[in-house]
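# Structural description and commentary
Listed here are the chains, written in short residue letters.
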Amino acid sequence: MGMLDAMNTTPSRGSSPPHRCRFLAVWLLLGLAACGGGGGNSSEDAAASPGGASSPSTPLATSTEISCGFADFQAEALRLVNARRAVGATCGARGSFAAAPALAWDTQLAQAAYRHSRDMADHDHFSHTGTDGSTLGARVSAAGYAWSGVGENIGAGYGSLQSVVDGWMASDGHCANLMSPGFTQLGLACARNSASSYGLYWTLDLARPQ
């Protein structure tokens with residue numbers, strides 16, 4: 001079972017590493033920025049302006065890199081997320097969500113997600129803020145995606161797509177991000193580093209274009 005915001009947790013020797021999740025949502029409505037707080041016992045706030053697209057400045061990751069080698073990664077990610085959205089969900093304190101339209105895969109969001117997962121894996125880091133100080137909105141814009149609303153779920157230590165989606169759905173804030181009818185597209189990526197605390201690092205970026 002996943003743990004939320006356990007930022008200082010270190011795996012015990014001889015035991016399976018714990019799981020961690022966080023979520024962040026940034027919405028731009030009528031020029032006002034608002035952001036949901038984290039699930040569990042702590043919260044994170046952020047503000048941003050609508051994201052204008054910019055040209056990617058780093059080489060594109062391959063589908064094998066983005067998927068950590070899992071088979072049918074894109075199709076399975078869409079199946080798992082959209083199956084949940086199709087039936088609606090109760091997200092604890094965040095309330096009940098009716099069935100929502102299916103999300104479409106976006107390559108630019110997947111690239112932004114991979115760069116953040118790779119950063120977390122390479123630096124044994126777990127946060128929505130990159131080790132270079134980058135924010136969610138800046139990363140998505142840097143990938144070339146012009147957004148009007150953007151959200152992010154991250155996780156660490158989950159060994160499969162099924163387990164990380166299940167972990168997010170069991171957490172109020174992550175569940176609300178996944179179920180939000182305001183998002184229309186997603187990109188999901190993981191990065192692997194056996195020398196890190198959690199092994200696998202996952203980032204799900206959800207957005208609505210301008």
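Because the structure is predicted, anything quoted here is derived from the model rather than measured.

## A word on the packing of aromatic side chains
Taken as a whole and assessed by the stated rule, the structure comprises 3 aromatic pairs. Their ring planes at 20 degrees and their centres at 5.9 Å tell us that Phe70 and Trp202 sit as a pair that is stacked. Pair noted here: Phe70 is in the loop between α1 (63–67) and α2 (73–87) and Trp202 is in strand β9 (residues 200–209), with a separation of 132 residues, a long-range link. For Trp202, a relative accessible area of 0% corresponds to the buried category. Taking 6.3 Å as the distance between ring centres and 90 degrees as the angle between the ring planes, the aromatic pair formed by Tyr198 and Tyr201 counts as edge-to-face. Among the residues examined, Tyr198 registers a relative accessible area of 5% and is labelled buried.

## Some words on the state of the cysteines
Summed over all chains, the structure comprises 2 disulfides. Disulfide partner of Cys68: Cys190, at an S-S distance of 2.1 Å. On the criterion of sequence distance, the pair formed by Cys68 in the loop between α1 and α2 and Cys190 in strand β8 (residues 185–192) is long-range, its members being 122 residues apart. Look at Cys68 and you get buried, because its relative accessible area is 13%.

## Re the confidence of the model for the protein chain
Of all residues in the protein chain, 73% attain a pLDDT of 70 or more, and the chain-wide mean is 80. Note that pLDDT drops below 50 for residues 1–17; the model gives that stretch 31 contacts with residues more than four away or on any other chain. Throughout residues 27–49 the model reports pLDDT below 50, and contacts reaching past four residues in sequence, or to other chains, amount to 49 contacts.

## A word on the environment of Phe126
With respect to the secondary-structure elements, Phe126 resides in the loop between α3 (107–123) and α4 (136–142). Considering only alpha carbons, one finds Phe126 and His116, 10 residues apart in sequence, at a separation of 9.7 Å.

## Comments concerning the pattern of salt bridges
Applying the stated criterion across every chain, the model contains 4 salt bridges. Among the ionic pairs, Asp166 bridges to Arg84, the shortest N-O distance being 2.5 Å. Residue Asp166 is located in helix α5 (residues 161–169), and its partner Arg84 is located in helix α2; the two are separated by 82 residues in the primary sequence. A relative accessible area of 32% places Asp166 in the partly exposed class. Among the residues examined, Arg84 registers a relative accessible area of 29% and is labelled partly exposed. A salt bridge links Asp122 to Arg118, with the shortest nitrogen-to-oxygen separation between them at 3.0 Å. With Asp122 and Arg118 both in helix α3, this residue pair falls 4 residues apart, about one helical turn.

## Here we look at α3
One turn of the α-helix equals 3.6 residues, which is why residues spaced by three or four share an orientation. Counted at 1.5 Å a residue, the expected span for α3 with its 17 residues is 24 Å, and the 24 Å between its end C-alpha atoms agrees. The N-cap residue of α3 is Asp106: its side-chain oxygen and the backbone nitrogen of Gln108 are 3.0 Å apart. The first or second residue beyond α3 is Asp124, which carries a positive phi of 50 degrees.

## Comments concerning the nonpolar core
Within the largest apolar cluster, 41 residues are counted, with the highest numbers of intra-cluster contacts made by Trp105, Trp168, Leu186, Leu188 and Trp202. Breaking this core down by element, the ones donating at least two residues are α2, α3, β7 (147–156), α5, α6 (172–179), β8 and β9. If you look at the next biggest cluster of nonpolar residues, it comprises 9 residues, including Leu136, Val140, Ala143 and Val150.

## Observations concerning the pairing of β8
Here β8 lies mainly inside the structure; 7 of its 8 residues are buried. Of the strand pairs in this sheet, strand β6 (residues 104–105) and β8 are connected by 2 bridges, and their pairing is parallel. Directly across from Trp105, in β8, lies its bridge partner Leu186.

## With respect to the pairing of β9
Counting buried residues along β9, 8 of its 10 residues qualify, which places the element largely inside the surrounding structure. For β8 and β9, the ladder comprises 8 bridges, and the chain directions are antiparallel. Bridging from a neighbouring strand, Arg192 pairs with Leu200 of β9.

## Here we look at the environment of Gln210
Structurally, the position occupied by Gln210 is in the segment after β9. You can call Gln210 exposed: its relative accessible area is 59%. Sequence-wise, Gln210 and Ser148 are 62 residues apart; in three dimensions their C-alpha atoms are separated by 4.8 Å. A polar contact of 3.2 Å, which involves the side chain of Gln210, links it to the backbone oxygen of Trp147.

Basis of the calculations
Throughout, residues of each chain are indexed from 1 in the direction in which the sequence is written. Owing to the predicted nature of the model, reporting of local features is limited to residues with pLDDT of at least 70; listing and counting of side-chain atom pairs is limited to 80 or more, with chain, interface and lining totals taken over all residues. The side-chain values count all of the structure's non-hydrogen atoms but skip hydrogen atoms and water molecules. Classification of ring pairs rests on two measures: the distance between centres of Phe, Tyr or Trp rings, Trp counted by its six-membered ring, which must be within 6.5 Å, and the angle between planes, read as stacked under 30 degrees, edge-to-face over 60 and tilted in between. Working definition: helices are DSSP H or I runs of at least four residues, strands are E runs of at least two. Numbering for both runs from the N terminus. Per-residue accessibility, obtained with a 1.4 Å probe over protein chains only, is compared with the maximum for each type, and a residue is labelled buried under 20%, exposed over 50%, and partly exposed between these values. By disulfide we mean two sulfur atoms from cysteines, separated by a distance within 2.5 Å. pLDDT expresses, on a scale from 0 to 100, how confident the predictor is about each individual residue. Throughout, a contact is declared for two residues whenever any of their heavy atoms are within 4.5 Å. Here a salt bridge means any side-chain nitrogen of Lys or Arg lying within 4 Å of a carboxyl oxygen belonging to Asp or Glu. To estimate how far a helix should reach, multiply one less than its number of residues by 1.5 Å. Polar contact criterion, stated in full: a pair of N or O atoms within 3.5 Å, where within protein one must be able to donate a hydrogen and the other to accept it, and residues adjacent in sequence count only if both atoms are side-chain atoms. Each nonpolar core is a collection of buried residues, namely Ala, Val, Leu, Ile, Met, Phe, Trp, Tyr and Cys, held together in the definition by side-chain atoms within 4.5 Å. Strand pairing is defined by DSSP finding a minimum of two bridges between the two strands.

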